[in-house]
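# Fold and geometry: a report
Okay, here's what each chain looks like letter by letter:
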Amino acid sequence: MKKFNIKTLLLALTVVFGITACGSDDNTTPSEQNPSEQADEKETAMKELTSQYVNSVIFPIYKELAAQTENLFNQLVEMKAKYNDGTLAQSDIDKVCQTFITARSAWESSEAFLYGAATDFGIDPHIDTWPLDRTALATALSNTAAIETLDDLEEDETGTIPGIDNARALVGEQQLGFHGIEFIIFRDGKNRTLEALKGIEDDAAFTGKNITGEQELIFAAAVAGDLRDKCFQLEVSWLGESAPKAHVDRVEDCEFPTTVGGGELAYGENMINATKAGSTYATWRKVMSTILVAGCSNICAEVAGQKIGQAYTGADPDYIESPYSQRSYFDFYDNICSIMYSVNGQKSTEAHDNSIMAYLQKYNATLATALQSRLNTALEALTAAKAGTPFVQDTHSANAKAAMDAINALDETINEAATWIAEN
């Protein structure tokens, strides 16, 4: 048996206890902290993850949405001009379609935070109502005098753009926004062809109306201008004066509201300044509930119960998002990505150190694991659905059922997380 030197042993024990004493503050686990210390630590963590969420999820997504809808408007104006002078090419149509897809992805990736400006100012239904009322659209497009009022897209000295203002006044929500434009530039899951645009619109709802591609493009460009302006409103409402000056100026020209309750705070400031005077958030746990319940759970319920569920169950067979581009499952996938970004605190599959996911990993690892697992399962189900038959072609597929079930399960766990955070 090896003998120990008593001096060596005492020195070793001194070193061990010294390290333990010096490192106690840094290595204390949540279970070893007293309740007061842990409560303060949680408050700080929620404050920091809120700032990370607003600055690294909401702000960049709304900035991307504003930029891409501006690109879409500019490209449709150019497309209309080329149509009129006979120089429009298929490549021009294809470019517009790709920009639409990029803008659409940014919008769908924002739907886990539809609370706030998108809801308060009615922006969500204004730019994203479906199904498209094609009969009403055909009637509107056949009104030559009305279409002529949409054709003037030059800004006057007051900041007014007549064609865009008239689009808001003359065209209903079931023709405005993404889906009215989608109908013009996509058909049967493919980019609209130059040949089709040069002919007479042949959709059944347009029979006998003799609608030309010129009329359709006048409509699409004006509606894209309205879409751009409403997305500028979203951006400015959240970023405040941090938004690009040109976007702020345009929103002011439109006289759109942008602050919380008509007060001083932009929506981003309001959330980041929770618990301070002026903020509508009295506690950080109220912020967490907003992110998880009003945001993430709300879009889960919408995707599973309405976007998939209405057509799948037969409650409303025509309630199909993005049927002309046939990108419904892509929309749904981006919706669940918006949840992933929200809980990860960044546009990434990985959780930021200041995020709801990291918070759960520290204080309730079991719940964090369950949330991650169900998030992965929902995204995997939608990945499989994207690779299969488009939703509009088969609303009763096994892929639709698997996605719906996975999203419902995810919703349950999101609400479990919200309840646990609220009570702990």
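Read on for an overview of the structure. Just so we're clear, the structure is a prediction, and the values are computed from it rather than from any experiment. (Residues numbered from 1 in each chain as written. Predicted model: local features only at pLDDT ≥ 70, side-chain atom pairs only at ≥ 80, totals over all residues. Heavy atoms only, no water.)

Another aspect to go through is the overall build of the protein. Broken down by element type, the protein carries 19 helices and 2 strands. Summarising its shape, the C-alpha atoms of the protein cover approximately 100 × 50 × 35 Å along the three principal directions. Of all 424 residues assigned to the protein, the portion counted as buried reaches 50%. Here the analysis covers contacts within the protein between residues at least 6 apart in sequence; of these, 74% occur between residues at least 24 apart. When the accessible surface of the protein is summed, it comes to about 18800 Å², and 50% of that surface belongs to carbon and sulfur atoms. In the protein, the 31 positive side-chain charges and the 62 negative ones have mean positions that sit 8 Å from each other. (Helix = DSSP H or I, 4+ residues; strand = E, 2+ residues; numbered from the N terminus. Buried < 20%, exposed > 50% of the residue type's maximum accessible area, 1.4 Å probe, protein only. Contact = heavy atoms within 4.5 Å. Areas by Shrake-Rupley, 256 points an atom, 1.4 Å probe, with all protein chains shown as cover. Lys, Arg positive; Asp, Glu negative; His and termini not counted. Charge placed at Lys NZ, Arg CZ, Asp CG, Glu CD.)

This paragraph deals with the layout of surface pockets. A volume near 310 Å³ is recorded for the largest pocket. In terms of lining, the largest pocket is formed by 17 residues, of which the most central are Pro-131, Arg-134, Pro-323, Tyr-324 and Val-392. Class assignment of the residues belonging to the lining of the largest pocket gives a composition of 8 nonpolar, 3 polar and 6 charged. (1 Å grid on protein atoms, 1.4 Å probe; cavity = no way out; pocket = protein on both sides within 12 Å on 5 of 7 lines; lining within 4 Å. Points joined across faces, edges and corners; volume = space filled by probe spheres on them. Nonpolar A, V, L, I, M, F, W, Y, C, P; charged D, E, K, R; others polar.)

Another point: the nonpolar core. Ranked by size, the top nonpolar core spans 129 residues in total, and within it Leu-76 and Ile-339 carry the most contacts. With 16 residues, helix H3 (residues 35-85) is the largest single contributor of residues to this core. (Core = buried A, V, L, I, M, F, W, Y, C linked by side-chain atoms within 4.5 Å.)

Attention shifts here to the pattern of salt bridges. In the structure shown here, the tally under the stated rule is 25 salt bridges. A salt bridge links Glu-111 to Lys-307, with the nearest nitrogen and oxygen atoms 3.2 Å apart. Here the residue Glu-111 occupies a position in the loop between helix H4 (90-108) and helix H5 (117-120), and Lys-307 occupies one in helix H15 (residues 284-313), the gap between them amounting to 196 residues. Since its relative accessible area comes to 0%, Lys-307 is described here as buried. In this structure, Arg-168 engages Asp-226 in a salt bridge whose closest nitrogen and oxygen atoms are separated by 2.5 Å. With a gap of 58 residues between them, Arg-168 in helix H9 (residues 162-170) and Asp-226 in helix H12 (residues 213-239) connect regions that are remote in the sequence. A cluster of three or more residues bridged by salt bridges with shared partners is formed by Arg-104, Glu-108, Glu-111, Asp-128, Lys-307, Glu-321 and Asp-331. (Salt bridge = Lys/Arg side-chain N within 4 Å of Asp/Glu carboxyl O.)

Here Glu-321 is to be found in the loop between H15 and helix H16 (328-344). Of the polar contacts made by the side chain of Glu-321, one reaches the side chain of Arg-104; its length is 2.6 Å. (Polar contact = N/O pair within 3.5 Å; in protein donor to acceptor, adjacent residues only side chain to side chain.)

Now for the environment of Cys-300. Positionally, Cys-300 belongs in helix H15. Apart from the residues within four sequence positions on either side, Cys-300 is in contact with Gly-305, Ile-339, Ile-407, Leu-410, Asp-411 and Ile-414.

Turning to the packing of H16 against helix H19 (residues 398-423), a few remarks are in order. Their axes nearest at 13 Å, the elements H16 and H19 cross at an angle of 15 degrees. Taken together, the axes of H16 and H19 lie roughly parallel to each other. H16 and H19 meet at a crossing whose hand is left-handed. Where H16 abuts H19, its residues Tyr-329, Ile-336 and Ile-339 lie against Asn-399, Ala-400, Ile-407, Leu-410 and Ile-414. Considering only residue class, the contact of H16 with H19 consists of 7 nonpolar, 1 polar and no charged. (Axes fitted to C-alpha atoms, helices over the stretch in contact; angles between N-to-C directions. Parallel < 35°, antiparallel > 145°, perpendicular 65-115°, else oblique. Left-handed = near helix turned anticlockwise from the far one by under 90°.)

Attention now goes to the packing of H4 against helix H10 (residues 177-185). Between H4 and H10, whose axes approach to 11 Å, the crossing angle comes to 155 degrees. Taken together, the axis directions place H4 and H10 in an arrangement best described as roughly antiparallel. When you trace H4 past H10, the crossing you get is left-handed. Packed against H4, whose contacting residues are Val-96, Cys-97, Phe-100, Ala-103, Arg-104 and Trp-107, the element H10 presents Phe-178, His-179, Ile-181, Glu-182 and Ile-185 at the interface. Here the contact of H4 with H10 is built from residues that sort into 8 nonpolar, 1 polar and 2 charged.

For any two aromatic rings, the description comes down to two numbers: the centre-to-centre distance and the angle of the planes. If you walk through the whole model with that rule in mind, you get 15 aromatic pairs. Ring geometry for Tyr-329 and Phe-332: centres 5.9 Å apart, planes at 90 degrees, overall edge-to-face. With Tyr-329 and Phe-332 both in helix H16 and 3 residues apart, this pair spans about one turn of that helix. With 5.6 Å between their ring centres and 65 degrees between their planes, Tyr-329 and Phe-391 make a pair best called edge-to-face. A residue pair is termed long-range when its members are at least 10 positions apart, and Tyr-329 in helix H16 and Phe-391 in the loop between helix H18 (365-387) and H19 qualify at 62 residues. In this pair, the class of Tyr-329 matches that of Phe-391, namely buried. Through pairs of rings, three or more aromatic residues link up here, namely Tyr-53, Tyr-62, Phe-113, Tyr-115, Phe-121, Trp-238 and Tyr-267. The ring of Phe-178 carries the charged tip of Arg-104 above its face, separated from the ring centre by 5.0 Å. (Phe/Tyr/Trp six-rings, centres within 6.5 Å; stacked < 30°, edge-to-face > 60°. Lys NZ or Arg CZ within 6 Å of the ring centre and 35° of its normal.)

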